[in-house]
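Here is what each chain is made of, one letter per residue.
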Amino acid sequence: QLLDEAGYNGDPITIITSRDYQYYYDAAVVLQEQLKKIGMEVILENYDWATYLEKLEVDDIWDIAISGASYQTTPSQLLVLQSSWAGWTDHPRITELLMNIRKAENQEEAKANWDLLQEFLWVEYVPGTPVGAFSAIFATTDRVEEFNLYPNPVGPTWWNVKLAD
């Protein structure tokens with residue numbers, strides 16, 4: 001019933017992914033299976049990472065792309081909200097709320113606008129949907145200097161790291 005209400009007419013839905021990141025591929029396979037169970041025709045296309053990135057830039061050859069992003073310091077850095085990133089998010093309400101976050105005079109004002117943006121994204125716009133999350137644990141010792149962990153699902157970035165004297 002919901003598919004009918006959404007206007008789905010049985011056309012195939014294409015999901016692109018890359019097995020170079022097994023968790024992307026696994027998520028795509030599960031999503032394909034779930035969509036098939038509700039009556040959709042779904043094509044899964046698997047590419048090496050370089051080809052995947054090329055395909056990601058072509059807006060009319062896929063419907064769903066499985067990808068990921070690391071944590072960001074501000075919402076305005078989220079790729080899914082960038083008009084230049086796959087999905088080509090371009091909505092005046094998103095632009096307005098991101099600008100309000102950027103020019104907020106304090107954390108409370110920024111957070112209030114972020115809350116409004118999240119509500120808009122989840123209820124009205126839905127450009128990207130999280131399908132999972134993971135994290136990692138890293139440890140170091142006082143014998144290591146300049147170890148700064150930038151949140152990154154692949155691992156830390158080892159810039160300027162050295163052994164203590």
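Scroll up for the structure.
Scoring rules and cut-offs
Along each chain, residues carry numbers from 1 onward, in the same order as the chain's sequence is written. With pLDDT at 70 or above as the cut-off, local features in this predicted model cover only qualifying residues; side-chain atom pairs require 80 or more to be listed or tallied, and sums for whole chains, interfaces and linings still use all residues. Only hydrogens and water are set aside; all other atoms, that is, all heavy atoms of the structure, feed into the side-chain values. Helix and strand labels come from DSSP, where a helix needs a run of H or I of at least four residues and a strand needs a run of E of at least two; each type is numbered from the N terminus. Burial classification: accessible surface area is computed with a 1.4 Å probe over protein chains only, and a residue below 20% of its type maximum counts as buried, one above 50% as exposed, and the rest as partly exposed. The criterion used for residue contact is that any of the two residues' heavy atoms lie within 4.5 Å. A 1.4 Å probe and the Shrake-Rupley method give the accessible areas. Residues count as covered only by the protein chains that appear here. Pairing of aromatic side chains requires ring centres within 6.5 Å, counting the rings of Phe and Tyr and the six-membered ring of Trp. Pairs whose planes differ by under 30 degrees are stacked, by over 60 edge-to-face, and all others tilted. At least two DSSP bridges between two strands are needed for those strands to be called paired. A crossover gets the label right-handed when its path from the first strand over the helix to the second runs clockwise, viewed with the strands pointing away from the viewer. Structural elements are reduced to axes, namely lines fitted to C-alpha atoms, with helices fitted over the stretch in contact, and the angle between N-to-C directions of any two is expressed from 0 to 180 degrees. In this scheme, a helix's expected span is set at 1.5 Å multiplied by one less than its residue total. Here, a salt bridge means any side-chain nitrogen of Lys or Arg that lies within 4 Å of a carboxyl oxygen of Asp or Glu.

Trainee: Can you walk me through the overall build of the chain in this structure?
Mentor: Across its full length, the chain holds five helices and five strands. The linear arrangement of helices and strands in the chain, starting from the amino end, is α-β-α-β-α-β-α-α-β-β. In the chain, buried positions account for 23% of the 165 residues. Relative to all contacts within the chain whose residues are 6 or more apart in sequence, the contacts with residues 24 or more apart total 54%. Entry remark: accessible area of the chain is about 11,600 Å², with carbon and sulfur atoms responsible for 52%.

Trainee: Just checking my understanding: could you explain the packing of aromatic side chains for this structure?
Mentor: Taken as a whole and assessed by the stated rule, the structure comprises six aromatic pairs. Taking 5.0 Å as the distance between ring centres and 80° as the angle between the ring planes, the aromatic pair formed by Y23 and Y24 counts as edge-to-face. Their ring planes at 20° and their centres at 5.0 Å tell us that W49 and Y52 sit as a pair that is stacked. Of this pair, W49 and Y52 both sit in helix α3 (residues 49-56), separated by three residues, roughly a single helical turn.

Trainee: Which parts of the structure should I look at to understand the pairing of strand β2 (residues 42-47)?
Mentor: Looking down a regular strand, the side chains alternate between one sheet face and the other. Here strand β1 (residues 13-18) pairs with β2 via six bridges, running parallel. Bridge pairing in β2 places S18 opposite Y47. Traced from β1 through helix α2 (residues 22-37) to β2, the parallel crossover comes out right-handed.

Trainee: Any chance you could explain the sheet that holds strand β3 (residues 64-65) here in plain terms?
Mentor: Note: strands within a sheet are paired through backbone hydrogen bonds, in either parallel or antiparallel orientation. Spatial strand order, β2-β1-β3: three strands in an open sheet with parallel pairing. Here the strands that pair on one side only, and so sit at the sheet edges, are β2 and β3. Most of the contacts of α3 go to β1, to which it runs at about 140°, and overall it touches β1, β2 and β3.

Trainee: Where do I start with α2 in this structure?
Mentor: Note: α-helices contain 3.6 residues per turn, so residues at a spacing of three or four share the same orientation. For α2, spanning 16 residues, the distance from its first C-alpha to its last is 23 Å, which sits close to the expected 22 Å at 1.5 Å a residue. Contacts made by the buried residues of α2 are with β1, β2, α3 and β3.

Trainee: I keep staring at the pattern of salt bridges and nothing clicks. Help me out?
Mentor: Once their charged atoms are close, side chains differing in charge can pair, the charge on each being opposite to the other. With the rule as written, the count across this model stands at two salt bridges. Linking E96 and R93 is a salt bridge whose minimum nitrogen-to-oxygen distance equals 3.1 Å. A residue pair is termed a helical-turn pair when its members lie 3 or 4 positions apart in one helix, as E96 and R93 do in helix α4 (residues 92-102) at three residues. Here E96 falls in the partly exposed class, since its relative accessible area comes to 38%.

The analysis is restricted to geometry; functional conclusions fall outside its scope.
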